[in-house]
Amino acid sequence: MIRNFLKIAFRSIVNDKFYSLINITGLAIGIACSLLIALYVVDELSFDKFHADADRIFRIDQTNIWSGNTEQIGVTGPPVAEAVRAEVPEVEHSTRIRVVGNMLVTKQGSSPVAFDESRIFLTDSTFFDVFSFEMLQGDPQTALDEQGSIVISASTAEKYFGEEEALGKTLLMGDDRVPFVITGVVADIPDNSHFTFNMLATMDLDPLIERYEWSWIWTQMTTYVKLRPDTDIGAVEEKLLGVPKKYAGNSMKLIFGYTFEEYEAKGSTWELFLTPMTDIHLYTATVGDRLGEHSDILYVYVFISIAVFIVLIACINFMNLTTARSAKRAKETGVRKALGSTRQGLTGQFLTESMLLTAVAMLLSLGVAELLKIPFNELSGKDLSLTSLADPVLASMFIGLALTLGLLTGSYPAFYLSSFRPASVLRGNLRAGLKSGRLRNTLVVIQFAISMVLISVTQVVFKQINYARNINLGFDKENILLLGNVQRLGNDLEPFKEELATYAEVKSIATSSDTPPRIYGEDLYKAKGSDQAEFPINTIATDYDYANTLGFELVEGRYFSRESPSDIHGVVLNETAVQRLGWDDPIGQRVTKDGGSREFEVIGVIKDFHFRSMYETIEPFAFFHLEGKHWRMPNTVLSMKVQSSDLVGFVERVEDKWQSIAEGRPFEFSFLDSAIDRTLQSEVAIGRVITAFTGLAIFIACLGLMGLAAFAAEQKTKEIGIRKVLGASVSSIVTLIARDFTKLILVAFIIAAPLGYYAADWWLQDFAYKTNLTLLPLVFAGAIALVVALFTVSYQAIKAGSTDPVKSLRSE
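Computed from a predicted model, the values in this text were never measured in an experiment. (Residues numbered from 1 in each chain as written. Predicted model: local features only at pLDDT ≥ 70, side-chain atom pairs only at ≥ 80, totals over all residues. Heavy atoms only, no water.)

Some words on the overall build of the protein chain
Selection criterion: By the criteria applied, helices consist of DSSP H or I runs no shorter than four residues and strands consist of E runs no shorter than two, each listed in order from the N terminus. Only protein chains enter the area calculation, which uses a 1.4 Å probe; residues under 20% of their type maximum are buried, those over 50% are exposed, and those in between are partly exposed. Residue contacts are defined here by distance: any two heavy atoms, one from each residue, within 4.5 Å place the two residues in contact. Every accessible area reported is derived by Shrake-Rupley at a probe size of 1.4 Å, with residue values counting cover from the shown protein chains alone.
For the protein chain, the count of helices and strands is 27 helices and 24 strands. Looking at the protein chain residue by residue over its 812 residues, the buried ones come to 53%. Summarising the internal contacts of the protein chain: among those between residues at least 6 apart in sequence, 79% fall at separations of at least 24. With an accessible surface of roughly 36,300 Å², the protein chain has 55% of that area assigned to carbon and sulfur atoms.

And the structure:
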């Protein structure tokens, strides 16, 4: 029986090549898209699960004491790990990580090699007790026991030593060239780790750690714990809540000048929390941990929704075309029933055809997915491979998807076709066509409503990106050349800066401790003599020319001036800081920190500017002078306002000058506008991916529409022939066929408009500064869908209208 089913199914597919091709193509693209998205989702959900006992590893988070206790942060002070071990016996191991930022690393030897390394972590000797990164050389239990030890990745070892063995060799760390011995080489960190490093050194590389080992306020550590098996997580969380109150009081009194009880009396809290390591990548996008950028579960939901939509559109095509072609199969069904075929047998036959079509589409989808993989990887920032299907779980999911689609797409047509009454069919009483198919019309509406929602959301995504790119940031981002880590020049920095200032292309030049769009240094301040609690103000230190170079707008007072030597001990605030401090006339007022032990006179007010991404509101900000009595900030960034028709040539000249005095230290440069654009990188990527999948969804929908239009023209063959004999034009024939489809597209627009508006509004809620949501993207989506649909239908309609009416009538 099965052999007979397959033979008849194959014959049916071959005899109906046009509609079979549409069904197979639509399903193949739909399956390919869902396959790529499935690989993306599986990769996102796999983060950090390669570690042994991953379910027992947690990050210690705490209340963000720097932002009014309204948020949670993924960093703590150095003593937290020891305090948690003392108070929570369920902790088996703990370790801390400190990110040191960019550092010059030099290979010791007769032919020194130097690189600027950006992924250097400092950690405790217990690092490999918590994490199970693969150690290729060395002993993970002892590799970090001795001070001056460093573990490097395999690719880093190859970069510095080539084919030589790295173990036991010495690297010189930093500008001071502190020697560190390589005690281990680990395999390159997997892509699905929430943090990556090139070098892992002992804590003594940074003297600040020993200096602030006592401080709960110096939140520069990311702390992890590994709990014992079968631990009650709820009980651990209860014990953690009271740890800061017991241990942080001395730090608070010394730094802020008040006790923990006084802190609580102000309505503030300070608690510790457990965050599962396997949740960090997708569920902590707003919780900073200094280890790198994380993703968001929102993107996973978006991609899953798109995959479901695309597969749904492909399935709708299949069901629509199969039921629309029911008249052609009606006599076959009637004759077979009259000869004794049962409904179950006919249902099995039609399901076999569906499964065979789906199997062909499934095989074809592998080739389509391979073709789409490269652009998808570029857009999503992944390195996905179809070899992942060798995994039994993924392979089972893929085969299960194909079987499910075969049953879903074939079930309704099978039951529908097998339900025909033989007597009615053989008398010719069965009607088929567009007007008799309410379900088909409904499914077409669903297809195009989904497509319109995707188009409108894509429009809003790019509208928000353009808004963020073109918003008035409060400073000039164009043609600002940034040189990083200029402190490495030491005493040569000022002569270097002075010579660059003589270049005709340089209109202004300045140095600072940091620069937008990522300024996160902050401390607690308050107005002198005020009863208000201290609150966080973001800070940088600059020279005299920084405001002029970046074009900040001065609202009151002045910026640091060489004509007023005392200015170096003052402070310039932004408008938000002045508002929070409660001043109407800020010039001459004083702000204090460290419980009033240090104070600064306000000499000027800068108009609010965006110093972070569009996700974050403008917060209080303060400019201090690099030579002032503030804590010493490194003079790390040199900013130049450049005007040149040959920027590439200018940068090369600057690099040549750098190399002449920098003794092999890496030359780091970027442009401010590019740095700001990078803060929108994830939005640009998601927008491009949605655009690509939206295009595919519309293509699949149009395939189905083309098939239905061809069928509608076929059903009206006699009517079209008569109309042409009576003088009807091709345009009137096109109108006749396209009219019903146009109505369906308009109904789809009415449904899609509110859904698209809601989806776009939901996505925009994460942005502190966002574009106005208007009806224009929705109207544009409707117009695109209508034009594409009419173009698709018109092709078949013109083809039908151009047919010789004599042939049409003779065929009838």
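Once you've had a look at it, read on.
A short note on helix α2 (residues 17–45)
The condition that has to hold: The length a helix should cover is 1.5 Å for every residue beyond the first.
With 29 residues, α2 ought to run about 42 Å at 1.5 Å a step, and its terminal C-alpha atoms sit 41 Å apart, in line with that. Counting buried positions along α2 gives 22 out of 29 residues, so the element sits mostly inside the fold.

Section: the nonpolar core
Here is the rule we go by: For the purposes of this section, nonpolar cores are sets of buried Ala, Val, Leu, Ile, Met, Phe, Trp, Tyr and Cys residues that join through side-chain atoms within 4.5 Å.
Among the nonpolar cores identified, the biggest contains 117 residues, and Phe448, Phe552, Phe623 and Phe693 are the most heavily contacted of them. When near neighbours in sequence (up to four residues on either side) are disregarded, phenylalanine 693 contacts Cys33, Ile37, Phe303, Ile306, Ile310 and Phe376. Formed by 28 residues, the second largest nonpolar core is a distinct cluster that contains Trp66, Trp270, Leu274 and Leu524.

Quick look at the packing of aromatic side chains
Formally: Here a pair means two rings of Phe, Tyr or Trp (six-membered ring of Trp) with centres within 6.5 Å. Their orientation is stacked below 30 degrees between planes, edge-to-face above 60, and tilted elsewhere.
Scanning all chains against the criterion turns up 47 aromatic pairs. Ring centres 5.0 Å apart and planes at 80 degrees place the aromatic pair phenylalanine 131 and tyrosine 224 in the edge-to-face group. Taken together, the residues phenylalanine 131 in the loop between α4 (127–130) and β7 (135–137) and tyrosine 224 in strand β12 (residues 222–227) connect sequence positions 93 residues apart. Of the residues examined, phenylalanine 131 reaches a relative accessible area of 1% and is grouped as buried.

A short note on helix α9 (residues 249–256)
An α-helix turns once every 3.6 residues. As a result, residues three or four positions apart point the same way. Spelled out, the test is: It is the directions from the helix axis to the C-beta atoms that the arc portrays.
Turning to α9, its buried residues are Gly249, Ser251, Met252 and Phe256. For α9, the arc enclosing every buried residue in end-on projection is 160 degrees, short of the 170-degree limit, so these residues lie on one face. Counted as exposed and oriented over 90 degrees from the buried face of α9: Asn250 and Leu254. Buried residues along α9 sit against α8 (243–247), α10 (260–265) and β16 (522–527). Backbone geometry just after α9 places glycine 257 at a positive phi near 85 degrees.

A closer look at the pattern of salt bridges
The test is simple: By definition here, a salt bridge exists when the distance from a side-chain nitrogen of Lys or Arg to a carboxyl oxygen of Asp or Glu is within 4 Å.
The tally for this structure, following the rule as stated, stands at 30 salt bridges. Between arginine 558 and aspartate 567 there is a salt bridge; the shortest N-O distance is 2.7 Å. Judged by its relative accessible area of 36%, arginine 558 falls in the partly exposed class. What you see here is one network of salt bridges that share partners, running through Asp53, Arg56, Glu92 and Lys226.

Topic: the environment of isoleucine 519
Inspection of the secondary structure assignment puts isoleucine 519 in the loop between β15 (506–512) and β16. For isoleucine 519 and phenylalanine 611, which are 92 residues apart along the polypeptide, the C-alpha to C-alpha distance reads 6.2 Å.

Quick look at unusual backbone geometry
Here the amide bond leading from proline 516 into proline 517 is cis, since omega sits at 15 degrees, within 30 degrees of zero. Within the fold, proline 517 resides in the loop between β15 and β16. Phi angles above zero are rare outside glycine, and aspartate 53 is one such case at about 60 degrees. Relative to the helices and strands, aspartate 53 is located in the loop between α2 and β1 (57–63). A residue is classified by how much of its surface remains accessible, and aspartate 53, at 31% relative accessible area, is partly exposed.

Observations concerning the side chain of threonine 458
Mapping threonine 458 onto the fold places it in helix α17 (residues 438–470). With near-sequence residues (within four places) excluded, threonine 458 lies in contact with Gly687, Ile690, Thr691 and Thr694.

Notes on the pairing of strand β9 (residues 170–173)
What counts is decided by this rule: Pairing between strands requires that DSSP locate at least two bridges from one strand to the other.
Along β9, one buried face is formed by Thr170 and Leu172 and the opposite face, lined by Leu171 and Met173, is buried too. Taken together, the three bridges between strand β4 (residues 103–107) and β9 define a ladder with antiparallel strand orientation. Counterpart to lysine 107 in the pairing with β9 is leucine 171. If you look at the hairpin formed by β9 and strand β10 (residues 178–186), you'll find four residues sitting between the two strands, and glycine 174 has a positive phi there, around 80 degrees.

Re a nonpolar patch on the surface
Selection criterion: Residues qualify for a patch when their relative accessible area is over 30% and they have no salt bridge, like charges being joined within 9 Å and the nonpolar side chains of Val, Leu, Ile, Met, Phe, Trp and Tyr within 5 Å.
On the surface, a cluster of nonpolar side chains totalling about 410 Å² of accessible area is made up of Tyr283, Tyr301, Ile304 and Val308. Sorting elements by how many residues they give to the nonpolar patch places helix α12 (residues 297–324) first, with three residues. Relative to the helices and strands, tyrosine 301 is located in helix α12.

Some points on the confidence of the model for the protein chain
Inclusion rule: Every residue is assigned a pLDDT by the predictor, reflecting its confidence on a scale from 0 to 100.
Here the protein chain shows a mean pLDDT of 84. Residues at 70 or above account for 86%. This stretch, residues 432–436, has a pLDDT under 50; its non-local contacts, to residues over four places away or in other chains, come to 15 contacts.

Some thoughts on the side chain of threonine 636
Relative to the elements of secondary structure, threonine 636 occurs in the loop between β22 (621–625) and β23 (637–642). On the accessibility criterion, threonine 636 (15% relative accessible area) is buried. Excluding anything up to four places from it in sequence, threonine 636 contacts Leu483, Gly484, Asn485, Val486, Gln487, Ser512, Ser513 and Asp514.

Things to note about a negative patch on the surface
Where we set the bar: His residues and chain termini do not enter the charge count, which takes Lys and Arg as positive and Asp and Glu as negative. A single reference atom marks each charge: NZ on Lys, CZ on Arg, CG on Asp, CD on Glu.
Together, Asp646, Glu652, Glu655 and Asp656 line one region of the surface with negative charge. Structurally, aspartate 646 is set in the loop between β23 and α21 (647–661). Overall, aspartate 646 belongs to the partly exposed group, its relative accessible area being 44%.

A closer look at the environment of glutamate 494
By secondary structure assignment, the location of glutamate 494 is in helix α18 (residues 493–501). When the C-alpha positions of glutamate 494 and threonine 511 are compared, they lie 9.7 Å apart, and in sequence the two are 17 residues distant.

Observations concerning the packing of α18 against α21
In plain terms, the rule: Lines fitted to C-alpha atoms define the axes, with helix axes restricted to the stretch in contact, and inter-axis angles between N-to-C directions lie between 0 and 180 degrees. What sets the label is the angle itself: under 35 degrees gives roughly parallel, over 145 gives roughly antiparallel, 65 to 115 gives roughly perpendicular, and the rest give oblique. Left-handed describes a crossing in which the near helix is turned anticlockwise from the far one by less than a right angle; the clockwise case is right-handed. Residues are grouped as follows: Ala, Val, Leu, Ile, Met, Phe, Trp, Tyr, Cys and Pro are nonpolar; Asp, Glu, Lys and Arg are charged; every other residue, Gly included, is polar.
Two elements in contact, α18 and α21, have axes whose closest approach is 11 Å; the angle formed by their N-to-C orientations is 155 degrees. Compared by their axis directions, α18 and α21 come out roughly antiparallel. Remark: the crossing between α18 and α21 carries right-handed chirality. Packed against α18, whose contacting residues are Phe496, Glu499 and Leu500, the element α21 presents Val654, Lys657, Trp658 and Ile661 at the interface. Each residue belonging to the contact of α18 with α21 can be placed in one class, and the counts come to five nonpolar, no polar and two charged.

A look at the pairing of β4
Across the five residues of β4, five count as buried, placing the element largely inside the fold. Neither face of β4 is left uncovered, since the one carrying Met103, Val105 and Lys107 and the one carrying Leu104 and Thr106 both have all their residues buried. Of the pairings in the sheet, the one linking β4 to strand β5 (residues 114–117) comprises four bridges and is antiparallel in character. Residue pairing across strands places threonine 106 opposite alanine 114, the latter belonging to β5.

Quick notes on the environment of glutamate 498
Within the secondary structure layout, glutamate 498 lies in helix α18. Classification of glutamate 498 as exposed rests on a relative accessible area of 53%.

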